[in-house]
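Here are the chains, one letter per residue:
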Amino acid sequence: MIVANRRVKQKDIANALDISKERVHHIITVHLGYRKVSARWVLRQLTVEMKAQRKTICTQLLERFTHDGKHFLRSIITGDESWVHHYDPESNMQSMQYRNKNTQAPKKFKVFASARKLLLIIFWDIE
């Protein structure tokens, strides 16, 4: 049942097999070696090209800093813009699923809603 649906609840397993929840918990954790974990939040999944572009830009900035030093840092004005969405993300409890000790924790990518949003823009410098 766990392999078919990693988000299955112990209560549902106990009802389907007509055994206690405590027994189901013991079988899952002790005999099968599973534990329930939440997914980690990651900003977004980057492609190989996006990672390469970020590395190139960082290398260029490092070279400019090496050449110009503190003057380069004082000349930087940076900004960021982001769409702020109104939505209810899946909670950690909702995203929990069974994993074996030898498998990696699941990842959960942020979901961006398409309705009810506004653009947030921020600029700042060294001061």
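Provided above is the structure to which this section pertains.
Numbers given to residues run from 1 along each chain, matching the order in which its sequence is written. Only residues with pLDDT of at least 70 are given local features in this predicted model, and only at 80 or more are side-chain atom pairs given and counted; all residues enter the totals for whole chains, interfaces and linings. The basis for every side-chain value is the complete set of heavy atoms in the structure, and neither hydrogens nor water enter the calculation.

A. A look at the overall build of the protein. In DSSP terms, a helix is any run of H or I states spanning at least four residues, a strand is any run of E spanning at least two, and both are numbered starting from the N terminus. Looking only at helices and strands, one finds five helices and six strands in the protein. Counted from the first residue to the last, the protein has its helices and strands arranged as α-α-β-β-α-α-β-α-β-β-β. A total of 127 residues make up the protein; the buried ones form 16% of that total. Pairs at least 24 residues apart make up 78% of the contacts formed inside the protein by residues separated by at least 6 positions. Within the structure as shown, the protein displays about 10,700 Å² of accessible surface, and the carbon and sulfur contribution to it stands at 55%. The rule is simple: take the accessible area with a 1.4 Å probe, protein chains only, and divide by the maximum for that residue type; under 20% is buried, over 50% is exposed, in between is partly exposed. Note on definitions: a residue-residue contact is assigned when non-hydrogen atoms from the two residues lie within 4.5 Å. Here the accessible surface of atoms and residues is derived via Shrake-Rupley with a 1.4 Å probe, and residues count as covered only by protein chains that are part of the display.

B. Representation of a positive patch on the surface in the model. Residues form patches when they are more than 30% accessible in relative terms and have no salt bridge. Like charges link within 9 Å. Nonpolar side chains (Val, Leu, Ile, Met, Phe, Trp, Tyr) link within 5 Å. Whenever Lys or Arg places a side-chain nitrogen within 4 Å of a carboxyl oxygen from Asp or Glu, that contact is recorded as a salt bridge. Counted as positive: Lys and Arg. Counted as negative: Asp and Glu. His and the chain ends are not counted at all. Where a charge lies is defined by one atom per residue type: Lys uses NZ, Arg uses CZ, Asp uses CG and Glu uses CD. Together, Lys 9, Lys 11, Lys 21 and Lys 36 make up a positively charged patch on the protein surface. The residue Lys 21 is located in helix H2 (residues 21-31) in this model.

C. Just the nonpolar core, in detail. Side-chain atoms within 4.5 Å are what join buried Ala, Val, Leu, Ile, Met, Phe, Trp, Tyr and Cys residues into a set we call a nonpolar core. Grouped together as the largest cluster of nonpolar side chains are eight residues: Ile 2, Val 8, Ile 13, Ala 14, Val 24, Ile 28, Tyr 34 and Tyr 98. Going through the elements one at a time, helix H1 (10-17) and H2 are the ones with two or more residues in this core. Apart from the residues within four sequence positions on either side, Ile 13 is in contact with Met 1, Ile 2, Val 8, Val 24 and Ile 28.

D. Summary view of unusual backbone geometry. In the Ramachandran plot, Asp 18 falls in the positive-phi region, its phi being about 60° despite a non-glycine side chain. Inspection of the secondary structure assignment puts Asp 18 in the loop between H1 and H2.

E. Local environment of the packing of H1 against H2. One way to put it is that H1 packs onto H2 with a least axis distance of 9 Å and a crossing angle of 110°. The orientation of H1 relative to H2 falls into the category roughly perpendicular. Residues Gln 10, Lys 11, Ile 13 and Ala 14 of H1 pack against Lys 21, Val 24, His 25 and Ile 28 of H2. Classes in brief: Ala, Val, Leu, Ile, Met, Phe, Trp, Tyr, Cys and Pro nonpolar; Asp, Glu, Lys and Arg charged; the others, Gly included, polar. Counted by class, the contact of H1 with H2 contains four nonpolar, two polar and two charged residues. Fitting a line to C-alpha atoms yields each axis, with helices limited to the stretch in contact; the angle taken between N-to-C directions then spans 0 to 180 degrees. An angle counts as roughly parallel when it lies under 35 degrees, as roughly antiparallel when it exceeds 145, as roughly perpendicular when it falls between 65 and 115, and as oblique in every other case.

F. Structural context of a nonpolar patch on the surface. Residues Met 1, Leu 17, Ile 19, Ile 27 and Leu 32 make up a contiguous nonpolar surface patch of roughly 430 Å² in combined accessible area. Note on Leu 17: relative accessible area 49%, which makes it partly exposed.

G. Structural context of the environment of Leu 73. Looking at where Leu 73 falls in the secondary structure, it is placed in helix H4 (residues 70-74). Distance in space between the C-alpha atoms of Leu 73 and Ile 126 is 7.5 Å, their sequence separation being 53 residues.

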